[in-house]
Number of protein chains: 2
Amino acid sequence: MAKIPHRLYLTEDQMPTAWYNLRADMKEKPDPMLNPATGKPCVEEDLYPVFCKKLAHQELDNDTRFVDIPGAVLDMYKNYRPSPLCRAYNLEKALDTPARIYYKFEGNNTSGSHKLNSAIAQAYYAREQGLNGVTTETGAGQWGTALSEACAYFGLPLTVFMVKASYQQKPFRKAIMHTFGAEVIASPSDTTDAGRKLLAEDPANPGSLGCAISEAVERAVKGDNVRYVLGSVLNQVLLHQSIIGLESAQAMELLGEYPDVVVGCAGGGSNLGGLIAPFARDKILGKADPRLVAVEPASCPSLTRGRYAYDFCDTGKITPMARMYTLGCTFTPSPIHAGGLRYHGMAPILSKLYHDGYMEAESVTQTNVFDAATLFARQESILPAPESAHAIWGAIKEALRCKEEGRSETILFGLTGTGFFDMTAYESYMAGTMQDYVPTDAELHKSMDKLPKIPGIQE
Amino acid sequence: MAKIPHRLYLTEDQMPTAWYNLRADMKEKPDPMLNPATGKPCVEEDLYPVFCKKLAHQELDNDTRFVDIPGAVLDMYKNYRPSPLCRAYNLEKALDTPARIYYKFEGNNTSGSHKLNSAIAQAYYAREQGLNGVTTETGAGQWGTALSEACAYFGLPLTVFMVKASYQQKPFRKAIMHTFGAEVIASPSDTTDAGRKLLAEDPANPGSLGCAISEAVERAVKGDNVRYVLGSVLNQVLLHQSIIGLESAQAMELLGEYPDVVVGCAGGGSNLGGLIAPFARDKILGKADPRLVAVEPASCPSLTRGRYAYDFCDTGKITPMARMYTLGCTFTPSPIHAGGLRYHGMAPILSKLYHDGYMEAESVTQTNVFDAATLFARQESILPAPESAHAIWGAIKEALRCKEEGRSETILFGLTGTGFFDMTAYESYMAGTMQDYVPTDAELHKSMDKLPKIPGIQE
C-alpha cells in the first residue's frame, strides 16, 4: 500500500451524488414527531406551514435509502467539496501513540463549518418552491453564515435571528452575514411574540438557541410565503450531512482503512449524525462493529444526563415535539460556557441510536476541550472551533488509551470547523481565566421536570 | 479532454520538491542590495546579523535555479498543501464572459493566506541554525499569524511587532498569535530606539509596516542569537513563494491549459512574485508570452507612481538598500485605506521585471476592490481578503475585456487569502461609508524626494 497522504481529497468524479438516509436501515425507527395541537404523529401537510414541501417529505421519510442530490446543489458543493480526509501524523507523533488518527475536515469554506452542506440543500429547495424568503436562527453564527452564503448563491432573501449573547460577542460574524446580504436580528427581539414575551420577563435575557428558533419559526409562519430552515437536529439535516460520512468512508476505503472508533462532537447532532451514518449502517447490518462516540459539553449534557422523552425543539413550544434526549426546552447553559453545542436536546436519530446501544456518549469540561484544541492547533496548523475541539479531545483520549493498551487502532473524528470567531474564548483560556461550568442535578431537574404532558404517551 | 473540475488538487506525490529561483533565468539580474554603511553591494556576511545564514545565501543567490525544499518544511507544507487550483465557473457565468477564469486559492489554512509558505521555510532554517528566537513585523496580521503557526510547529520563540492601527482594529488576529504562543507588541512601541523616536515625534502615530520592520530588525540585531524574518519583498521570500506558481503551472498543464493573462495583487510582492515565477520564466525564455499583471491599491501606488530607485526597506533606515519601485520609505498610506498592500516599495525582482517590460501594473481604488470582492464572494462562496480582491478586480476587468472582444482567453489569478479579519472594512463598504483615497503628487513627492543619496550610484 502506498504511503498514506497527510490529506486525501476525493476527485469531483468520486463525490457522492446521493445522500444516505440511515433511517431506512434502522431496525427500530426514531419515534414519530408529534403535532403539539393534536398529540398525533405529524403528517407531511402538518409541516408545510414551517418547511417547504420537499424538506417536509425528507423529514418524515423513513424508507428511501438514497436521495439524489440535485444538480444545482452539487454545483455549489463543488465550491468547497470534496473536503479532505486528513491523517494527523503530527498529532500522533506528539502523543506518541500507536493509533492512526484521521479527521474529516469540514472547515475549509467561508462559513467555517460543515453547516454549509445542509444550508445549500435547504436554500435550493426553498428557491425551487418559489418562496419569498426563509428565516433561521444562529448561535455561534456558523449556521447563519452558511445559510447566508447559500441564499446569496440562490438569490433568496434571508432573516437570521442570532442569539443575543453571540450577536454582541461576535460582531464579525454578523458582518459576514451582512456581506452575503442577510438581515440579522438579535434574539430575543421585539419583532415577534415569542421574543417580546421573554423580554417582558427579563429585558437582559442573553437569548438561547431555543428562543431564536421560536422567533424564526414565528416569523416564517406569519410571513408571506416564507419558511423556516434549521441547521441541526432534524432528520432532513442529518440526511444532507451524510455526505460527510459518505466521503469519509469512501476515502478510508481508498486508503485500505476502516475506523475502529468514530468520534464526533454533539450539540444538535448534525455533524455527528452525518459523519457516522455509513458506519452506523455497517454496525446495524452486522457488517462491521466500529465504536461510535458522541462527545458533548459537560455544561449542556443532553445525552449523558438528559431524559429520553418527547419535547419541543424550541423554547417557545411552537414546533412539533420530537422524542430525544433532552434537558428540557427551557434549559439554557450558563454564559460561562463558551464552547458551543448549547442546544437542549439531541437529534432524534442519534437519540434513538444511543438509546438502543449503538452509540456511546461522553461529556467534557471546556478547559479540557481548549487543552486539546491548543495541542491540536500547534501540531496540525488548524485552529479548531471549540465545538470541533470536543471531538479532538475524544480522539486524543482514545489515542492515549491505545498507547496504554499498546493497540494500533484506527480513529476517525469529525473536525467540523475553524475557530476564527471564537478568539474571545481562546483568549480567556490562554489568560487562565476560563471557568468550567457543570450544572447541578437540581438545575437540570428544573427544566427537565417541565417536559410536555401528552395523554397516553408521556404523562 | 475531461470536464475541468471546480477545484483541482494535486496529490502529495505531485507536489514540487524544490523552489524555483527566477533570478537564475533573468537576463538582467535585479540590482544588488547595498550595505547602507559602505554603499557597496552586500555580501552574505553583511546579512548575518539580520538573517540566518541559509537565508542570507538564498537572498543573494542569483544562480541556483532550483533549491530543494527541506523534508521538515515539506512535512509542514502537507498540513495544508497542495492548495487548490479553482475554476471560477460561477463567476464566469455571472459575468457572462467567454473567458475561462482560474484562481489559485491560498487561503485554506489557519493563517488565512499564502504567507505560511515562506514562514515555514524561515522558521525551519532559524531552528536549524540553533537560534534563540526570531522577530518580525505584521500589518494586517496574516504574516504574523503564519509565522506564529510555523514557530509553534518548530518550537521557536517569536516576537511580532504589529502595526498599531491593526493591533487595535484586529484584536482577534492578536489572539490567534497568542494561541500559537507568540509575543505580540503594538508598533511603534517603547521597546526599541526606532519606536521611541517615532513616539517622541507623534505619540499617536498609528504605525506602518516600515516602522514595524525597523523595530523588529533592531530587536533582532540587539538580541542574543535572535534573527529577523520578513514576509515579503525579499528575494528569499519570492523563492519560497514560487511553490504557488509551480503548483499552478503543473495543475494547468494537467488540465491542458496555459494562461493568456496572470493577475496578482501587489503589496510587497510575495504572492505575485511566487505566482508568476514559472510563467515569467517562459516569457523570458521565449517559450510563451503570457501577460503578467500586477494590481496595486491607488492609495499606495509604488509601481504605477513610484520611482525606480535605491531605498531602504524600512522607515528606520537600518536595513540594506534595494533598488525597487518605491514611494519613499517614509510614505504611509492614509488610515482611510483598509485594503491592505500598504508597503512603500515593491520586491526588487518584480520591480526589475516591470522596469524591463515583462510585467504590467494597474492601480485601483478600494470601493472598486470591494465591489469585486462582494460579487466574487456571493458567486464562489469564498470571502476574499481585501488584498486578494485587488487581483479579483483585475481578473474581472480582463474577463469583461474578453467579453467585449469576444475572446475566450484563459485568465489565472492569485487568491491569496480570506477576509475573516477584515470585517470592519466590509461593514463600512456595505454601509456605504467606505471612502477612497488617492495621494496627490505633492504627497508622493514629499516622501520620494527623501530617497537616500549614494555617491556614484544615486545622487
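First things first, this report covers the structure right here in the doc. (Residues numbered from 1 in each chain as written. Chains lettered and ligands numbered in written order. Predicted model: local features only at pLDDT ≥ 70, side-chain atom pairs only at ≥ 80, totals over all residues. Heavy atoms only, no water.)

In terms of regular secondary structure, chain A is built from 18 helices and 15 strands. For chain A, whose C-alpha radius of gyration is 20 Å, the value lies close to the compact-globule estimate of 23 Å for 459 residues. Here the C-alpha coordinates of chain A stretch approximately 60 × 50 × 50 Å along the principal axes. Looking at chain A residue by residue over its 459 residues, the buried ones come to 68%. Restricting to contacts in chain A with at least 6 residues of sequence separation, those with at least 24 account for 76%. Total accessible area on chain A is roughly 15000 Å²; 51% of this is exposed by carbon and sulfur atoms. Each charge sign in chain A was given a centre, from 44 positive and 53 negative side chains, and these centres are 0 Å apart. (Helix = DSSP H or I, 4+ residues; strand = E, 2+ residues; numbered from the N terminus. Rg over C-alpha atoms; globule rule 2.2 N^0.38 Å. Buried < 20%, exposed > 50% of the residue type's maximum accessible area, 1.4 Å probe, protein only. Contact = heavy atoms within 4.5 Å. Areas by Shrake-Rupley, 256 points an atom, 1.4 Å probe, with all protein chains shown as cover. Lys, Arg positive; Asp, Glu negative; His and termini not counted. Charge placed at Lys NZ, Arg CZ, Asp CG, Glu CD.)

All names here are of chain A. The end-to-end C-alpha distance of helix H15 (residues 366–380), which contains 15 residues, comes to 20 Å, matching closely the 21 Å that a straight helix rising 1.5 Å per residue would cover. Of all the positions in H15, only Gln-366, Val-369, Phe-370, Ala-372, Ala-373, Thr-374, Phe-376, Ala-377 and Glu-380 are classed as buried. Just downstream of H15, Ser-381 is the residue with a positive phi angle, here 60°. (Expected span 1.5 Å × (residues − 1).)

Each of the two copies of the chain can be brought onto the other by a rotation about an axis and a shift along it. Overlay of chain B on chain A (RMSD 0.0 Å): rotation 180°, translation along the axis 0.0 Å. Such values leave the two copies arranged in the relation of a two-fold axis. In terms of proximity to the rotation axis, the leading residue of chain B is B:Asn108, whose C-alpha is 2.9 Å off the axis. In this assembly the copies share their binding face: 100% of the residues contributing to the interface of chain B also contribute to that of chain A. (Least-squares fit on C-alpha atoms with pLDDT ≥ 70 in both.)

Moving on, we get to the packing of helix H15 (residues 366–380) of chain B against helix H17 (residues 423–430) of chain B. Residue and element names in this part refer to chain B. Closest axis-to-axis distance for the H15/H17 pair is 11 Å, and the angle between their directions is 100°. Here H15 lies roughly perpendicular to H17, going by the angle between them. Facing H15, whose interface residues are Thr-367, Phe-370, Asp-371, Ala-373, Thr-374 and Arg-378, H17 presents Ala-425, Tyr-426, Tyr-429 and Met-430. Of the residues that constitute the contact of H15 with H17, the class distribution is six nonpolar, two polar and two charged. (Axes fitted to C-alpha atoms, helices over the stretch in contact; angles between N-to-C directions. Parallel < 35°, antiparallel > 145°, perpendicular 65-115°, else oblique. Nonpolar A, V, L, I, M, F, W, Y, C, P; charged D, E, K, R; others polar.)

Turning our eyes to something else, we now look at the side chain of A:Thr135. Residues and elements named next belong to chain A. Inspection of the secondary structure assignment puts Thr-135 in strand S6 (residues 133–138). When its relative accessible area of 1% is taken as the criterion, Thr-135 is described as buried. A distance of 2.7 Å separates the side chain of Thr-135 from the backbone oxygen of Ala-216, its partner in a polar contact. Not counting residues up to four positions away in its chain, the partners in contact with Thr-135 are Leu-158, Thr-159, Ala-216, Val-217, Arg-219, Ala-220, Val-226, Arg-227, Tyr-228 and Val-229. (Polar contact = N/O pair within 3.5 Å; in protein donor to acceptor, adjacent residues only side chain to side chain.)

On to helix H12 (residues 270–284) of chain A. All names here are of chain A. When the terminal C-alpha atoms of H12 are compared, their 20 Å separation across 15 residues agrees well with the 21 Å that a helix rising 1.5 Å per residue should span. Considering bend angle alone, the principal kink of H12 is centred on Ala-277 and spans about 55°; proline Pro-278 follows within four residues of it. The element H12 is extensively covered by neighbouring structure, given that 15 of its 15 residues are classed as buried. The positive-phi residue at the C-terminal boundary of H12 is Gly-286, with phi of around 75°. (Bend = angle between axes of the 7 residues up to and from the residue.)

Time to look at the sheet that holds strand S6 (residues 133–138) of chain B. Residues and elements named next belong to chain B. Within the open sheet, the four strands sit side by side as S8-S7-S6-S9. Their pairing is parallel. Both outer strands of the open sheet, strand S8 (183–187) and strand S9 (226–228), are each paired with one neighbouring strand and no more. Pairs of neighbouring strands in the sheet enclose a mean axial angle of 25°, with direction left out of account. Where S6 meets S9, three bridges bridge the pair, whose relative direction is parallel. Its bridge partner being in S9, Val-134 is matched across the sheet by Arg-227. Packed onto the sheet, helix H6 (residues 142–154) meets S6 and strand S7 (158–163) and runs at close to 160° relative to S6. (Pairing = 2+ DSSP bridges.)

In this section: the pairing of S6(B). Residues and elements named next belong to chain B. Of all six residues making up S6, six are buried, and the element is well covered by its neighbours. Neither face of S6 is left uncovered, since the one carrying Gly-133, Thr-135 and Glu-137 and the one carrying Val-134, Thr-136 and Thr-138 both have all their residues buried. Where S6 and S7 come together, five bridges link them in parallel fashion. Looking across to S7, one finds that Thr-136 is bridged to Val-160. In this fold, the crossover linking S6 to S7 by way of H6 has right-handed handedness. (Right-handed = clockwise from strand over helix to strand, strands pointing away.)

Right, let's get into the environment of B:Ser232. Residues and elements named next belong to chain B. Relative to the helices and strands, Ser-232 resides in the loop between S9 and helix H11 (235–254). Using a relative accessible area of 9% as the deciding quantity, one classes Ser-232 as buried. Taking C-alpha positions, Ser-232 is 9.0 Å from Met-346, a pair spaced 114 residues apart along the chain. The residues touching Ser-232, leaving out its near neighbours within four places in the chain, are Lys-115, Val-237, Gly-268, Gly-269 and Ser-270. A distance of 3.3 Å separates a polar side-chain atom of Ser-232 from the backbone nitrogen of Ser-270.

The next thing to look at is a positive patch on the surface. Taken together, the side chains of A:Lys197, A:Lys317, A:Lys446 and A:Lys450 present a region of like positive charge at the surface. With respect to the secondary-structure elements, A:Lys446 resides in helix H18 (residues 441–448). (Patch = residues over 30% accessible without salt bridge, like charges linked within 9 Å, V, L, I, M, F, W, Y side chains within 5 Å. Salt bridge = Lys/Arg side-chain N within 4 Å of Asp/Glu carboxyl O.)

Our focus in this paragraph is the interface of chain B and chain A. Listed by partner, the interface residues are 40 residues for chain B and 40 residues for chain A. Together, B:Phe172, B:Thr179 and B:Phe420 form the three largest contributors to the area buried by chain B at its contact with chain A, with a combined 17%. The interface formed by chain B and chain A contains zero salt bridges. Our count for the contact surface shared by chain B and chain A stands at 22 residue pairs in polar contact (both at pLDDT 80 or more). When residues of the side of chain B that touches chain A are traced back to their parent elements, those giving at least two are helix H3 (71–77), H6, helix H8 (171–179), H15 and H17 of chain B. (Buried area = accessible area lost by both parts, 1.4 Å probe.)

With that out of the way, let us pick up the pairing of strand S10 (residues 261–265) of chain B. All names here are of chain B. Taking burial as the measure, the five residues of S10 include five buried ones, the bulk of the element. On S10, burial covers both faces: Val-261, Val-263 and Cys-265 on one face and Val-262 and Gly-264 on the other are all buried. By the bridge criterion, five bridges tie S10 to strand S11 (residues 291–297) in an arrangement that is parallel. Bridge pairing in S11 links Val-263 to Val-293.

This part takes up the nonpolar core. With 92 residues, the main nonpolar core has A:Tyr103, A:Phe413, B:Tyr103 and B:Phe413 as its most contacted residues. Residues within four places of B:Tyr103 in sequence aside, it is in contact with B:Arg7, B:Pro84, B:Leu85, B:Cys86, B:Ala88, B:Phe376, B:Glu380, B:Ile382, B:Leu412, B:Phe413 and B:Leu415. (Core = buried A, V, L, I, M, F, W, Y, C linked by side-chain atoms within 4.5 Å.)

The description of an aromatic ring pair rests on the distance of the ring centres and on the angle between the ring planes. All names here are of chain A. With the rule as written, the count across this model stands at 33 aromatic pairs over all chains. For the ring pair Phe-51 and Tyr-228, a centre distance of 6.4 Å and an interplane angle of 25° mean the geometry is stacked. With Phe-51 in the loop between helix H1 (44–47) and helix H2 (53–60) and Tyr-228 in strand S9 (residues 226–228), the pair connects residues that are 177 residues apart, well separated along the chain. Overall, the relative accessible area of 5% leaves Phe-51 in the buried class. Overall, the relative accessible area of 2% leaves Tyr-228 in the buried class. (Phe/Tyr/Trp six-rings, centres within 6.5 Å; stacked < 30°, edge-to-face > 60°.)

Residue and element names in this part refer to chain B. With respect to topology, seven strands assemble into an open sheet ordered S1-S4-S5-S15-S10-S11-S14, the strand pairing being mixed. The sheet is open, and its two borders are formed by strand S1 (7–8) and strand S14 (360–364), each paired with just one other strand. Relative to strand S4 (residues 85–87), S1 runs antiparallel, the two sharing two bridges. In the sheet register, Leu-8 faces S4, and the bridge partner there is Leu-85. Against the sheet, H11 touches S1, S4, strand S5 (100–105) and strand S15 (410–415), its axis set at about 140° to S5. Helix-sheet contacts for H15 involve S4, S5, S14 and S15, and the interaxial angle to S14 is about 95°.

Functional significance is not addressed by these values, which are geometric in nature.
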